[in-house]
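A closer look at the structure
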Amino acid sequence: MRLDNQLWESKYHEAVERLTREEAQWRTAESLLRQLVGCLGRVAHGAHDQVDPHIERLSAALSGTMEPLSLEPLVNELAEAIEGLGARPRGVNDERSIPITRPQRTEHGSSVQSSLSRLVDRIVILPRLADRANDLRHDVADAGDLVALAACGDRLADLVNEQRIGLQREIDALQAVLRHVTGRLDEMSQYMSRELADQSTGEANGQALDASVAHEMRLLGEAALEIDDMHELRERVNQSLETISLCFRDFRDREGIRLTAYRERAERMRLRIEQLETERNTLQRSLEREHELAQTDTMIGMPNRLAYEKRIEAAYESWQATMRPLSIAAIDIDHFKSINDTYGHTAGDAVLRIIGQALLKHIRPCDFVARYGGEEFIVVFDGADEAESLQVCERLRGKIQHLAFHASRQPVRVTASIGLTQFRPGDTPQSVFDRADLALYTAKNGGRNRCVVG
């Protein structure tokens, strides 16, 4: 029991440390997003007289340490101002609008919109915030000018801040659980201390009884030698026996009280242990469920980027130790934005789900696939070199190409581009991912619906 409790206490400490690290990362992300919103605000400033005051107030607020509840009215005012622009009569101040240009995508990205979209895609969101993140992803894709993008950037900062607050709540909850379990362990420690003290008391009572009986027996022996009168000797023997009987009764009374208290303490501790076991099992199931949800893309029902990062880290350590072949492939759906723009985001989400499930079905049992973000997936080929991994990638690409999609009762052709690379001496998971990502964009620029080895 003690080792089991120590193990759980260690797990709680590790969970708190992990959440603390994640909170620090979210603070950094929040700071970067505030800077991004500030940059977008400066770019959009001057585009519309009606919007400029709202941008100025929001930029001033973001430069401080305001909480989401304080920012929310400013965001709502900016959103209403932007909606008001959409209701203007056509031709009024149209020359002041700043349309978003959409140049061809390059390996480094090509626009504020694509950068913001990729940022939304690559942030690992808590499951309860997944719907809001998905709505924001759609709004970024639909944004028509920099003012709308600035509002989306602010919403993203707000989402990140709320996630950071949520992580802090999780830390607080874990610390509360840890305090609760520590209290239970203290109770058990106190129980054991009381039992040790009780055993000492029992030993002392027995020693006192032994001493009393030995004393009376010694007095009785001396009396037998000194007293010649049988009547007087009999009286003395009776007195000694009565004294010994009183010692035994007192001993039995004290032992009875001690044993009764012991049984009561033992029963209370048994109930405490049963309760602690129930709480432990409940908490274990809850932690396992939360762990599963945190590493699952709930829309598709497959591992997410966090799950990939844990898997690739373990695979990387194994590769360093054994040098078994290890490869990864980045998969991106071609013209996905056009699917969203033409058929709507519901159709786009359906495409993501069908392709995600197809990838799960057609990879090898030893491989791992996750949704990395947006329309991008990533596969880990453990024990496969580039040649073997390329065969699997070509098969996956063919399966995607021949999937039957229909939207608005019309067939929709969907393809995917794939960038593949193998771990080499001196590589890290990030450097290999960057190389696979570059190979993916080479496949895009080379005509799409193809596999490129990087």
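Thresholds, definitions, all that
Residues numbered from 1 in each chain as written. Predicted model: local features only at pLDDT ≥ 70, side-chain atom pairs only at ≥ 80, totals over all residues. Heavy atoms only, no water. Helix = DSSP H or I, 4+ residues; strand = E, 2+ residues; numbered from the N terminus. Buried < 20%, exposed > 50% of the residue type's maximum accessible area, 1.4 Å probe, protein only. Contact = heavy atoms within 4.5 Å. Areas by Shrake-Rupley, 256 points an atom, 1.4 Å probe, with all protein chains shown as cover. Salt bridge = Lys/Arg side-chain N within 4 Å of Asp/Glu carboxyl O. Expected span 1.5 Å × (residues − 1). Polar contact = N/O pair within 3.5 Å; in protein donor to acceptor, adjacent residues only side chain to side chain. Pairing = 2+ DSSP bridges. Phe/Tyr/Trp six-rings, centres within 6.5 Å; stacked < 30°, edge-to-face > 60°. Lys NZ or Arg CZ within 6 Å of the ring centre and 35° of its normal.

We now examine the overall build of the chain. A tally of regular secondary structure across the chain gives 12 helices and nine strands. Counting over 454 residues, the chain shows a buried share of 41%. Relative to all contacts within the chain whose residues are 6 or more apart in sequence, the contacts with residues 24 or more apart total 75%. Total accessible area computed for the chain in this model is approximately 24,600 Å², and 53% of it derives from carbon and sulfur atoms.

Right, let's talk about the pattern of salt bridges for a bit. All chains considered together, the criterion is met by 10 salt bridges. Arg 364 serves as the salt-bridge partner of Asp 367, at 2.7 Å between the closest nitrogen and oxygen. Arg 364 matches Asp 367 in its accessibility class, with the two residues each being buried. Between Asp 427 and Arg 435 there is a salt bridge, with its nearest N and O atoms 2.8 Å apart. Using a relative accessible area of 9% as the deciding quantity, one classes Asp 427 as buried. What emerges from the salt-bridge pattern is a single network uniting Asp 332, Asp 334 and Lys 444.

Below, the discussion takes up helix α11 (residues 386-401). In this model, α11 (16 residues) spans 22 Å end to end at C-alpha, consistent with the 22 Å of a helix rising 1.5 Å per residue. Within α11, burial applies to Ser 389, Val 392, Cys 393, Leu 396, Arg 397, Gly 398 and Ile 400. Tucked into the core, α11 has its buried residues touching β3 (326-333), α10 (345-362), β5 (376-382), β8 (416-422) and β9 (451-453). Two to three positions downstream of the cap, the backbone nitrogen of Ala 387 sits 3.3 Å from a side-chain oxygen, assigning the N-cap of α11 to Asp 385.

Here β3 lies mainly inside the structure; eight of its eight residues are buried. Every second residue of β3 is oriented toward a common face, with Leu 326, Ile 328, Ala 330 and Asp 332 on one face and Ser 327, Ala 329, Ile 331 and Ile 333 on the other, all of them buried. Bridge analysis of β3 against β5 gives seven bridges, and the strand direction is antiparallel. Bridged to Ser 327 within β5 is Phe 381. Bridge count for β3 against β8 is seven bridges, and the pairing is antiparallel. Looking at β8, one finds that Ala 329 is bridged to Leu 420.

So, about the side chain of Asp 367. Structurally, Asp 367 is set in the loop between α10 and β4 (368-373). Since its relative accessible area comes to 7%, Asp 367 is described here as buried. Within the local environment of Asp 367, its side chain forms a polar contact with the side chain of Arg 364, the two groups lying 2.7 Å apart. Not counting chain neighbours up to four residues away, the residues in contact with Asp 367 comprise Val 380, Phe 381, Asp 382 and Val 392.

Looking now at the packing of aromatic side chains. Counting across every chain of the model gives five aromatic pairs. Three or more aromatic residues joined by ring pairs form one cluster here, namely Tyr 308, Tyr 372 and Phe 433. A cation sits over an aromatic face here: Arg 305 above Tyr 372, 5.5 Å from the ring centre.

All right, on to unusual backbone geometry then. A positive phi angle, close to 50°, is found at His 335, a residue other than glycine. Secondary-structure assignment places His 335 in the loop between β3 and α9 (336-343). For Asn 449, which is not glycine, the phi torsion reads 50° and is therefore positive. The residue Asn 449 is located in the loop between α12 (429-445) and β9 in this model. What makes Asn 449 buried here is its relative accessible area of 18%.

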